[in-house]
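Now for the letters of each chain:
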Amino acid sequence: MRIAPPLTAAALLLCFTVSAQPPAGARGPGPGSMSEGLRKATALDLDGNYTEARQFIQKEIDSAADPRAKANAQRAMAMSYAFEGNCKKTTEYEQMVMAYWKTRESEEPKNAFYQQGEMANEAARVCIDSGDIDAAARLYKLGTELGLKEPEISADRKALWDFRLAHAEGRVAARRNKKADAEKAIAAARAALDRMTDLKRQQEAFLPYLTGYVALYQGDYQKALADLQKANQNDAFIQCLIAQAYEKLGDKDKAMEYYRKAAGTRAHNPPAAYAVPLARKKLG
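The notes below deal with the structure included here.

Each value, and the rule that gives it
Residues numbered from 1 in each chain as written. Predicted model: local features only at pLDDT ≥ 70, side-chain atom pairs only at ≥ 80, totals over all residues. Heavy atoms only, no water. Helix = DSSP H or I, 4+ residues; strand = E, 2+ residues; numbered from the N terminus. Buried < 20%, exposed > 50% of the residue type's maximum accessible area, 1.4 Å probe, protein only. Contact = heavy atoms within 4.5 Å. Disulfide = S-S within 2.5 Å. Phe/Tyr/Trp six-rings, centres within 6.5 Å; stacked < 30°, edge-to-face > 60°. Polar contact = N/O pair within 3.5 Å; in protein donor to acceptor, adjacent residues only side chain to side chain. Core = buried A, V, L, I, M, F, W, Y, C linked by side-chain atoms within 4.5 Å. Salt bridge = Lys/Arg side-chain N within 4 Å of Asp/Glu carboxyl O. Axes fitted to C-alpha atoms, helices over the stretch in contact; angles between N-to-C directions. Parallel < 35°, antiparallel > 145°, perpendicular 65-115°, else oblique. Left-handed = near helix turned anticlockwise from the far one by under 90°.

What follows covers the overall build of the protein. Within the protein one finds 14 helices and zero strands. For the protein, with 284 residues in total, the buried portion stands at 55%. Considering only contacts within the protein whose residues lie at least 6 apart along the sequence, 59% involve residues at least 24 apart.

Summed over all chains, the structure comprises one disulfide. Paired by a disulfide, cysteine 87 and cysteine 127 hold their sulfur atoms 2.0 Å apart. Here the disulfide of cysteine 87 and cysteine 127 is right-handed, its torsion about the S-S bond being about 80°. Of this pair, cysteine 87 sits in helix H4 (residues 87-102) while cysteine 127 sits in helix H5 (residues 109-130); the two residues are 40 residues apart in sequence, bridging distant segments of the chain. Grouping residues by exposure puts cysteine 87 and cysteine 127 together as buried.

Applying the stated criterion across every chain, the model contains 10 aromatic pairs. Taken together, a centroid distance of 5.0 Å and an interplanar angle of 70° make the contact between tyrosine 100 and tryptophan 101 edge-to-face. Side by side, tyrosine 100 and tryptophan 101 carry an identical accessibility label, which is buried. Pairwise contacts between aromatic rings join Tyr209, Tyr213, Tyr217, Phe237 and Tyr274 into one cluster.

The next subject is the environment of lysine 254. Among the secondary structure elements, lysine 254 is positioned in helix H13 (residues 252-263). A C-alpha to C-alpha distance of 6.9 Å links lysine 254 and alanine 243, two positions 11 residues apart in sequence. Separated by 3.2 Å, the side chains of lysine 254 and glutamate 257 make a polar contact.

Moving on, we come to the side chain of serine 80. Tracing the backbone through its elements, the reader meets serine 80 in helix H3 (residues 67-83). Within the structure, serine 80 has its side chain in polar contact with the side chain of aspartate 45 (distance 2.9 Å). Once you skip the residues sitting within four places of it in the chain, serine 80 turns out to touch Asp45, Tyr50, Ala53, Arg54, Ile57 and His268.

With that settled, the discussion passes to the nonpolar core. Core analysis: the largest hydrophobic core is formed by 56 residues, its most contacted members being Phe163, Tyr209, Ile238, Cys240, Leu241 and Tyr259. The element contributing the most residues to this core is helix H12 (residues 236-248), with nine residues. Beyond its immediate sequence surroundings of up to four residues, leucine 241 is in contact with Tyr209, Tyr213, Leu216 and Leu228. Core analysis: the second largest hydrophobic core is formed by 13 residues, Leu38, Ala53, Ala78 and Tyr93 among them.

Looking now at helix H1 (residues 36-46). Those residues of H1 that sit buried are Gly37, Leu38, Ala41, Thr42, Leu44, Asp45 and Leu46. Close packing links the buried residues of H1 with helix H2 (50-62), H3 and helix H14 (270-283). Of the residues flanking the end of H1, it is glycine 48, one or two places downstream, whose phi is positive at about 85°.

Here we take up unusual backbone geometry. A positive phi angle, close to 50°, is found at glutamate 152, a residue other than glycine. The phi torsion at asparagine 177 lies on the positive side, around 60°, for a residue other than glycine. Tracing the backbone through its elements, the reader meets asparagine 177 in the loop between helix H7 (155-175) and helix H8 (179-195). With relative accessibility at 65%, the residue asparagine 177 sits in the exposed group.

Let us look at the pattern of salt bridges. A complete count under the given rule lists 20 salt bridges for this structure. Between glutamate 150 and lysine 110 there is a salt bridge, with its nearest N and O atoms 3.0 Å apart. In this pair, glutamate 150 sits in the loop between helix H6 (133-147) and H7 while lysine 110 sits in helix H5, placing the two residues 40 residues apart along the sequence. In this structure, glutamate 257 and lysine 261 form a salt bridge, with 3.8 Å as the shortest nitrogen-oxygen distance. Taken together, the residues glutamate 257 and lysine 261, both in helix H13 and four residues apart, mark about one turn of the helix. By relative accessible area, which is 27% here, glutamate 257 ends up partly exposed. On the basis of relative accessibility, which here comes to 41%, the residue lysine 261 falls in the partly exposed class.

On to the packing of H7 against H8. Running from N to C, H7 and H8 cross one another at 165°; their axes reach a closest spacing of 8 Å. Overall, the two elements H7 and H8 adopt an arrangement that is roughly antiparallel. Relative to H8, H7 is oriented so that their crossing is left-handed. On H8, the residues touching Asp156, Ala159, Asp162, Phe163, Ala166, His167, Glu169, Gly170, Ala173 and Ala174 of H7 are Asp181, Ala182, Ala185, Ala188, Ala189, Ala192, Leu193 and Arg195.

Here's what the structure looks like:
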């Protein structure tokens, strides 16, 4: 889904709805060299043992060697609450990570604003998936505002933040059953995508994700299925949306096939936080 930033492979456990490579030299608060405690917490969250997982994460927060390590653990805590669909607590911990990046604005201005925007968007993603649409809308707007503060922001990255916001507004409108607003947002997302140069190819698969998502919530299940099959087929969230489309079309076997795929993810991120609990519930 994303071009890897200059972090170790373990950092790829965390990703975002509509993502891109951070500014050159950027380092986010992702796991990096993930500790044993965070590895255990990730496995526990994936198995549904959230209280036990958070005990490990709290130890990481309390014993963090420096503020960046603490922010890393706080972000893991945000994701643990995401697996329970807890928008409020996820946002609380993402705000702690954002507060860390605010302290880095002087030393790392390009990266600091980028990361603040990412964390706001990450919280928004959890909120919309858990049904708190108003909170999601507020946080997506905040994420864009913060991201656009990046000094000397490139035209490509500005278009990316515009694309992200339009993508979010389309999903929010779909959840609010506002068809005209959703279609307007899709048009805005297309326009933002067309303005991209270097990032365009990376972002193209997110457009059918948006159109498929909107179609699913508007009840056009054939279109939803056709569009979602053009999105990232390795994304557990997309797999769950495809499964839901098949369910609505009466094809239970195909739905279960996709729920099984989603249940197998080992990521510790918003897509997994939505997909794993839902898929396991569907699979019984």
